[in-house]
Amino acid sequence: MINKKKLWGKNEVHHTEDKIEQIKKDSVPEHIAIIMDGNGRWAKKRALPRIAGHHEGMKTVRKITRLANRLGVKTLTLYAFSTENWKRPKLEVDFLMKLPEEFLSTFLPELIDENVRVEMMGDRQQIPTHTLRAVDKARKDTEQNDGLILNFALNYGSRAEILDAVKCIMHDVKNGILKEDELNEEVFSRYLMTKHLNDPDLLIRTSGEIRLSNFMLWQLAYTEFWFSDVLWPDFNETHLLEAIESYQRRSRRFGGLQS
Ligand code: FPP
């Protein structure tokens, strides 16, 4: 059971609870994907090192996960580290690779308790062993859970994912596992890291940047986008509810006409 007073101030509790009431329970986005941006700027504004922003951003992950789970969201995919993020200074990269451990060592019992299943997508090869150990433990300890899937995109890049899919398809065609004329969008999707997931219904990017940064390029074809100027460490329950409200006001036609 969530202790709302611990999470929010008293007035915020009322406000947030009112907003939760307003969400239509039958059309909550099943899969929300988030590009968590703005940690560095959040820290800079406070004359803190960039890693302080990432640390604060980790707390937002907890808040947003809890609310998404409470609302009945089925999958929350969070872009935690891209294949391009290795270009950052070593100190920052090392810190980012330690964050999953810190997050999971603090919150894994809570995630287990709340029936959340932890997953990860991305290229495991470059990820340090200590990071993988923490993530794999969380995956194992939560594999029986059937609530929210908390899917961390870690060392993830969409172009690399698509290229790998193409290579696997070529291999399978060559070896008679797949016939060339059997290949269609649905089959292609089964070669991606998200093969077991629905495509995101809602994409959120924080911090005012309006781009995809190599994130889920195939999967976002018909996703609704919501961009916010709020920096990720400042992103809170009210902002998520605003994004969902906006999503619920839209008419999704998937290229067809309004029914
Ligand atoms: C982008 O902000 C953010 C990242 C590259 C890292 C995101 C990671 C977290 C929010 C923490 C993840 C937590 C867990 C549990 C794994 P930026 O650094 O590019 O910000 P800037 O554009 O303001 O510099």
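Residues numbered from 1 in each chain as written. Predicted model: local features only at pLDDT ≥ 70, side-chain atom pairs only at ≥ 80, totals over all residues. Heavy atoms only, no water.

Peer 1: Requested: an account of helix H5 (residues 90–113), with residues and values cited.
Peer 2: An ideal rise of 1.5 Å per residue puts 34 Å on 24 residues; H5 measures up with 35 Å between its terminal C-alpha atoms. When the local axis directions of H5 are compared, the greatest deviation, roughly 60°, occurs at Phe-107, which is followed within four positions by the proline Pro-109. Taken as a whole, H5 has its buried residues at Glu-92, Val-93, Leu-96, Met-97, Leu-99, Pro-100, Phe-103, Leu-104, Phe-107, Leu-108, Glu-110 and Leu-111. Positive backbone phi, at 70°, marks Asn-115, one or two positions downstream of H5. (Helix = DSSP H or I, 4+ residues; strand = E, 2+ residues; numbered from the N terminus. Expected span 1.5 Å × (residues − 1). Bend = angle between axes of the 7 residues up to and from the residue. Buried < 20%, exposed > 50% of the residue type's maximum accessible area, 1.4 Å probe, protein only.)

Peer 1: Account for the environment of Leu-202, with residues named and values stated.
Peer 2: As for its position among the elements, Leu-202 is in strand S5 (residues 202–205). For the pair formed by Leu-202 and Leu-76, sequence separation is 126 residues and the distance between their alpha carbons is 9.9 Å. The contacts of Leu-202, once residues within four sequence positions are left out, are Pro-29, His-31, Ile-32, Ala-33, Thr-223, Glu-224, Trp-226, Ala-243, Ile-244 and Tyr-247. (Contact = heavy atoms within 4.5 Å.)

Peer 1: Give a detailed account of the nonpolar core, specifying residues and quantitative values.
Peer 2: One recurring pattern in soluble globular proteins: nonpolar side chains tend to sit buried together. Within the largest apolar cluster, 47 residues are counted, with the highest numbers of intra-cluster contacts made by Ile-32, Ile-34, Leu-76, Phe-103 and Ile-204. Sorting elements by how many residues they give to this core places H5 first, with nine residues. Setting aside its immediate chain neighbours within four residues, Ile-204 contacts Ile-32, Ala-33, Ile-34, Ile-35, Trp-226, Phe-235, Leu-240 and Ala-243. Ranked by size, the runner-up nonpolar core spans ten residues in total, among them Ile-35, Ala-153, Phe-215 and Leu-220. (Core = buried A, V, L, I, M, F, W, Y, C linked by side-chain atoms within 4.5 Å.)

Peer 1: Can you lay out the site of the ligand for me, pointing to particular residues and giving the numbers?
Peer 2: Taken together, 17 residues sit near the ligand, with Gly-40, Arg-41, Arg-50, His-54 and Arg-88 positioned nearest. Between the ligand and Asp-37, the relevant distance is 3.2 Å, taken from an oxygen atom to a side-chain nitrogen or oxygen of the residue. Asn-39 is positioned such that a nitrogen or oxygen atom in its backbone is 3.2 Å from an oxygen atom of the ligand. When the free accessible area of the ligand is taken as 620 Å², the share hidden by the protein chains comes to 91%. At the level of elements, helix H3 (39–45), helix H4 (50–71) and H5 are the ones that each hand at least two residues to the shell around the ligand. Here the residues of the shell around the ligand are counted per class, giving eight nonpolar, five polar and four charged. (Near = heavy atom within 4 Å. Polar contact = N/O pair within 3.5 Å; in protein donor to acceptor, adjacent residues only side chain to side chain. Areas by Shrake-Rupley, 256 points an atom, 1.4 Å probe, with all protein chains shown as cover. Nonpolar A, V, L, I, M, F, W, Y, C, P; charged D, E, K, R; others polar.)

Peer 1: Account for the pairing of strand S6 (residues 224–227), naming residues and giving values.
Peer 2: Residue alternation in S6 divides its side chains into a buried set, Glu-224 and Trp-226, and an unburied set, Phe-225 and Phe-227. Sheet analysis places S5 next to S6, joined by four bridges and oriented parallel. Each residue of the ladder has a partner; that of Ile-204, found in S6, is Trp-226. (Pairing = 2+ DSSP bridges.)

Peer 1: Explain the UniProt feature "active site" (unreviewed entry) in the protein to me, and be specific about the residues and the numbers.
Peer 2: Per the UniProt entry, the sites bearing "active site" (unreviewed entry) are Asp-37 and Asn-85 in this numbering. Despite a sequence span of 49 residues, these residues sit close together in the fold, their greatest C-alpha distance being 12.3 Å. On the basis of relative accessibility, which here comes to 16%, the residue Asp-37 falls in the buried class. Not counting the four nearest positions on each side in its chain, Asp-37 is found in contact with Arg-205, Thr-206, Ser-207, Glu-209, Leu-231 and Trp-232. If you trace the backbone, Asn-85 turns up in the loop between strand S2 (75–82) and H5. At 2.7 Å, the side chain of Asn-85 and the backbone nitrogen of Ser-82 are in polar contact. (UniProt positions renumbered as here; feature names shortened; annotations may be inferred.)

Peer 1: If you had to explain H4 to someone new, which residues and values would you point to?
Peer 2: Between its first and last C-alpha atoms H4 spans 32 Å; for 22 residues at 1.5 Å apiece the expected length is 32 Å, and the two agree. Note on H4: the residue one or two positions beyond its end, Gly-72, has a positive phi of about 90°.

Peer 1: Could you give me a rundown of the side chain of Gln-248, with the residues and numbers involved?
Peer 2: Looking at where Gln-248 falls in the secondary structure, it is placed in helix H9 (residues 237–249). According to the relative accessible area criterion, Gln-248 is buried, its value standing at 11%. A polar side-chain atom of Gln-248 sits 2.8 Å from the main-chain carbonyl oxygen of Lys-24. With sequence-adjacent residues up to four places away left out, Gln-248 is seen in contact with Ile-23, Lys-24, Ser-27 and Val-28.

Peer 1: Give me the sheet that holds S6: which residues, what numbers.
Peer 2: In spatial order, the strands read S3-S4-S2-S1-S5-S6; together these six strands make up an open sheet with parallel pairing. The open sheet has two edge strands with one neighbour each: strand S3 (117–121) and S6. Taking each pair of neighbouring strands and ignoring which way they run, the sheet shows an average axis angle of 20°. Examined bridge by bridge, strand S1 (residues 31–35) and S5 share four bridges and lie parallel to one another. (Axes fitted to C-alpha atoms, helices over the stretch in contact; angles between N-to-C directions.)

Peer 1: Explain the packing of aromatic side chains residue by residue, including any values.
Peer 2: Remark: the centre distance and the inter-plane angle together describe each pair of aromatic rings, the angle taken between the planes. Scanning the entire structure with this criterion turns up ten aromatic pairs. Arranged with centres 4.4 Å apart and planes meeting at 35°, the rings of Phe-188 and Trp-218 form a pair that is tilted. Here Trp-218 lies in the loop between S5 and S6 and Phe-188 lies in helix H8 (residues 185–189), a separation of 30 residues in the sequence. Judged by its relative accessible area of 28%, Trp-218 falls in the partly exposed class. Members of the aromatic cluster, each reached through a chain of ring pairs, are Tyr-79, Tyr-156 and Phe-215. (Phe/Tyr/Trp six-rings, centres within 6.5 Å; stacked < 30°, edge-to-face > 60°.)

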